[in-house]
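Observations on chain architecture
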Amino acid sequence: MCGIVGYLGDKDVVPLLVRGLERLEYRGYDSSGVAVVDGGLSIVKSVGKIKSLKDRLDGRRFPGRLGIAHTRWATHGEPNDVNAHPHTDCKGKIALAHNGVIENHAALKKLLLAEGHRFESETDTEVLAHLIERSLPGRTLGEAVSAALQLVEGTYGIAVVSADHPGTLVGARHGSPLVIGVGDGETFLASDGAPLREHTQRVVYLDEGEMVVIDEAGYRTFTIEGEAVDKQVDELNWDLEQIEKAGFPHFMLKEIHEQPDTVRNAMRGRLLREEGTAKLGGLNLSDDELRDIRRIVITACGTSYYAGLIGEYLLEEYARIPVEVEYASEFRYRNPILDEGTLVIAISQSGETADTLAALREARRRGATVMGIVNVVGSTVAREAGRGVYIHAGPEIGVASTKAFTSQVTVLALLTMHLGRLRVLSQAAGRALATELEALPGKIEKILAGAPAIKEIAVQMQHHDNFLYLGRGPNFPVALEGALKLKEIAYVHAEGYPAAEMKHGPIALIDENMPVVFIATRDAAYEKVMTNMQEVRARRGKILAIATEGDADIHALADYVIPVPATHDAFVPLLSVVPLQLLAYYMAVQRNCDVDQPRNLAKSVTVE
Ligand code: F6R
């Protein structure tokens, strides 16, 4: 949510910063801007996507070696040129890019106005530029930033430059991530590793409450209060190809097609087929400690939450452990009952979602055992959880989550096998799960080969503005996920329901104009779902069924059928979700929507 890039070095600053912003555009794209220290301070900003900033820059060259840039997801103040970052102080000498929310901005603004400061934007961020201005006399830029931040409540990842300090770039983090890129004679600052990868592999992750001062000598890290801290240099394990589109028209389509590989990567080196279990190195809990777990609470947001719902089904069915799944935004403000016998699992693709992070912290504060299931290596959830399992899906750039979902479910399946084998799962039953898990990538490939037929269905359904998605058992969360995908990228209203709940209300919506997507695979719920389908048919609803290959009966009821290979009941969601991702994708393309950057959304929701 908002992306920041900063640079000090000999390369041409503005093209480098703009390229970096393009790598971060998935974090927000309401407006963008750059500020370069080039004798004075040159600032160019533009509402809209980075393309409009590029048009406005129109190849102009800036002589400086130091600059910052920002791509915005608006919180305070509508998206326009004035509210775009970087923001400046009264004299236009300090420029600041900010990710997060300054919660006490109203009180600070009142104070600053009374002291004679003049404001231009409606943002919360601008107060920080003025606070630094006010703190500067007699201090270095780093000291002034530190003094200003001590007055601030809320969250921030910031990058600051000043025309009067032409060799210094200051960054600080509290609640919004910031990474230092360490190059040869050049240093970078960014919200995540994506803009750094083409320049350096060496990174330093700032922790909460830390800041960095970058200058000709390199970089020095401190606490916000000014105490020096030594940080370790990590390797960024991102392959450049992974953050390019590789010939696909959109990142989302590329990521959907990566799933055979990403599901394979999630289990690589972890699945022990013969023993019917999984080895999960990052758990750091002994078998005895795992046996002592009496209850699991899974907490997450959005698509990760739906993966958690499938995890609930898996863990209860095959490991016989009671599981609750909670929206992180609700969990953090409840008074949850937790103890050391409760394992709290925070699931997050980005590892930066503010609510999930807060829920994790609350769980730890209350004495629960915590772990993360995370994609982004080195992200805050991963580091603060201290134990967990990476899903190894590689960078997910499309704002709508696809491959992360299937990888999260795969990891939950591995965790289920591991916990199950320590409790109730026989070796034979574990082996059956392992064998089928290994076969899934090939089955996903088969579904992907059917993409042209799914595209054709999307062409025919593109003008419908309301959809119902229905499923039962572990396919109920798949219905929720399918509906979410359609809403977020095709802007089509869609609701996911447990199929049997339809009778308790939504059935009133059904007529010949209402498409209903049934997930009707041949699993334990099949017969019941077929009955629900009859009920829709009787009311002339238009039916699209995701069905098991070879199911001839379904054609008598459904207008459209998308086949998926047969699999173990436990893993049906890992297959049934793939056609729904493709359906949403092709619907969005047909409706001329911006697939990778849907309106109002951002990839990483780092504000509440
Ligand atoms: C939907 C989507 C969001 C995220 C949610 C949680 O396609 O991407 O619903 O799943 O914002 O994000 P993470 O997993 O990064 O915590």
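Residues numbered from 1 in each chain as written. Predicted model: local features only at pLDDT ≥ 70, side-chain atom pairs only at ≥ 80, totals over all residues. Heavy atoms only, no water.

Here's the deal with the domain arrangement of the chain
To keep things clear, this is the line we draw: An automatic or database domain assignment supplies the residue ranges for each domain. Summed over both partners, buried area is the accessible surface (1.4 Å probe) that two parts give up on being assembled. Salt bridge criterion: a side-chain nitrogen from Lys or Arg within 4 Å of a carboxyl oxygen from Asp or Glu. Polar contacts, as counted here, are pairs of nitrogen or oxygen atoms within 3.5 Å of one another; within protein the pair requires one atom able to donate a hydrogen and one able to accept it, and residues that are adjacent in sequence qualify only if both atoms are side-chain atoms.
Assigned domains within the chain: domain 1 (3–236), domain 2 (241–448) and domain 3 (450–608). Taken over C-alpha atoms, the centre of domain 1 sits 43 Å from the centre of domain 3. Taken over both partners, the interface formed by domain 1 and domain 3 buries close to 1000 Å², and the fraction arising from carbon and sulfur atoms is 50%. Contact with domain 3 buries area across many residues of domain 1, yet Y26, Y29 and W73 alone supply 50% of it, more than any other trio. Notably, a salt bridge pairs D594 with K49, separated by 2.0 Å at the nearest N-O pair. Where domain 1 meets domain 3, there are four residue pairs in polar contact (both at pLDDT 80 or more).

Regarding the side chain of H418
The criterion, for reference: Strands here are runs of E lasting at least two residues and helices are runs of H or I lasting at least four, both read from the DSSP assignment and numbered beginning at the N terminus. For this analysis, residues touch if any pair of their heavy atoms sits within 4.5 Å.
Here H418 lies in helix α13 (residues 403–421). For H418, the contacting residues outside a window of four places in its chain are T277, A278, L280, L283, D287 and L290.

Topic: the pairing of strand β19 (residues 342–348)
Filter applied, for reference: Each residue is assigned to one of three classes by its accessible area relative to the maximum for its type, calculated with a 1.4 Å probe on protein chains only: buried under 20%, partly exposed between the two thresholds, exposed over 50%. One bridge is not enough; two strands pair if DSSP finds at least two bridges between them. Consider the strands pointing away from the viewer: the crossover is right-handed when the path from the first strand over the helix to the second runs clockwise.
The buried count for β19 comes to seven of seven residues, which makes it a mostly enclosed element. Side chains T342, V344, A346 and S348 project from β19 onto one buried face, and the interleaved L343, I345 and I347 project onto a second face that is buried too. Both strand β17 (residues 295–300) and β19 contribute to a ladder of five bridges, which runs parallel. Residue pairing across strands places R295 opposite T342, the latter belonging to β19. For the handedness criterion, the β-α-β arrangement of β19, helix α11 (residues 354–365) and strand β20 (residues 369–374) is classed as right-handed.

Looking at the nonpolar core
To keep it simple, the criterion reads: What we call a nonpolar core is a set of buried Ala, Val, Leu, Ile, Met, Phe, Trp, Tyr and Cys residues that are connected through their side-chain atoms within 4.5 Å.
Grouped together as the largest cluster of nonpolar side chains are 96 residues, with contacts concentrated most on I296, L437 and Y469. Composition of this core by domain shows at least three residues from each of domain 2 (241–448) and domain 3 (450–608). Residues contacting I296, with those up to four places away along its chain left out, are L315, I321, P322, V323, E324, L343, I345 and L419. Grouped together as the second largest cluster of nonpolar side chains are 32 residues, L24, A69, F251 and V399 included.

Some details on the pattern of salt bridges
When the charged atoms of two side chains with opposite charge come close together, those side chains can pair. Counted under the stated rule, the structure contains 44 salt bridges. When the shortest N-O distance is used, the salt bridge between E198 and R23 registers 2.8 Å. One end of the pair, E198, is in the loop between β10 (187–190) and β11 (202–205); the other, R23, is in helix α1 (residues 13–24), with 175 residues separating them in the sequence. Among the residues examined, E198 registers a relative accessible area of 31% and is labelled partly exposed. Taking relative accessible area as the criterion, R23 reaches 8% and is therefore assigned buried. Where D215 meets R220, a salt bridge forms, and the shortest distance between an N and an O atom there is 2.8 Å.

Observations concerning the packing of aromatic side chains
Where we set the bar: Each Phe, Tyr or Trp ring (for Trp, its six-membered ring) is paired with any other whose centre lies within 6.5 Å, and the angle between the two planes then decides the class: stacked below 30 degrees, edge-to-face above 60, tilted in between. Two conditions define a charge sitting above a ring: the NZ of Lys or the CZ of Arg must be within 6 Å of the ring centre, and it must be within 35 degrees of the ring normal.
As enumerated under the stated definition, the model contains five aromatic pairs in all. Relative to Y327, the ring of Y305 has its centre 3.7 Å away and its plane inclined at 15°; by these criteria the two rings are stacked. Here Y305 is found in helix α9 (residues 302–319), whereas its partner Y327 is found in strand β18 (residues 323–327), with 22 residues between them in sequence. Taking the relative accessible area as the measure of exposure, Y327 reaches 34% and is therefore partly exposed. Members of the aromatic cluster, each reached through a chain of ring pairs, are Y305, Y306 and Y327. Here the guanidinium or amino end of R599 rests over the ring plane of Y491, the centre of that ring lying 3.8 Å away.

Things to note about the sheet that holds strand β14 (residues 234–235)
Note: strands within a sheet are paired through backbone hydrogen bonds, in either parallel or antiparallel orientation. Rules: Note on method: axes are straight lines fitted to C-alpha atoms, helices fitted across the in-contact stretch only, with angles between N-to-C directions ranging 0 to 180 degrees.
Strand order in the open sheet formed by eight strands is β3-β2-β4-β1-β10-β9-β11-β14, with antiparallel pairing between adjacent strands. Two strands in the sheet have a free side with no partner beyond their single neighbour: β3 (40–47) and β14. For strand β9 (residues 179–182) and β10, the ladder comprises four bridges, and the chain directions are antiparallel. Residue I180 lies in a different strand from β10, and its bridge partner there is L189. Helix α2 (residues 50–57) rests against β2 (31–38), β3 and β4 (66–72) of the sheet, and its axis sits at about 130° to β3.

Thoughts on the site of the ligand
This is how it is decided: For this purpose, a residue is taken to be near a molecule or strand whenever a single non-hydrogen atom of the residue falls within 4 Å of it. The protein chains shown are the only cover counted for residues, whose accessible areas, like all others here, come from Shrake-Rupley with a 1.4 Å probe. Amino acids are sorted into nonpolar (Ala, Val, Leu, Ile, Met, Phe, Trp, Tyr, Cys and Pro), charged (Asp, Glu, Lys and Arg) and polar (every other residue, Gly among them).
Taken together, 14 residues sit near the ligand, with S304, S348, S350, T353 and E488 positioned nearest. In the environment of the ligand, an oxygen atom lies 2.6 Å from a nitrogen or oxygen atom belonging to the side chain of S348. In isolation the ligand has 410 Å² of accessible area, and contact with the protein removes 91% of it. Grouping the amino acids of the shell around the ligand by side-chain chemistry returns four nonpolar, eight polar and two charged. Residues lining the shell around the ligand come from more than one domain, with at least three contributed by each of domain 2 (241–448) and domain 3 (450–608).

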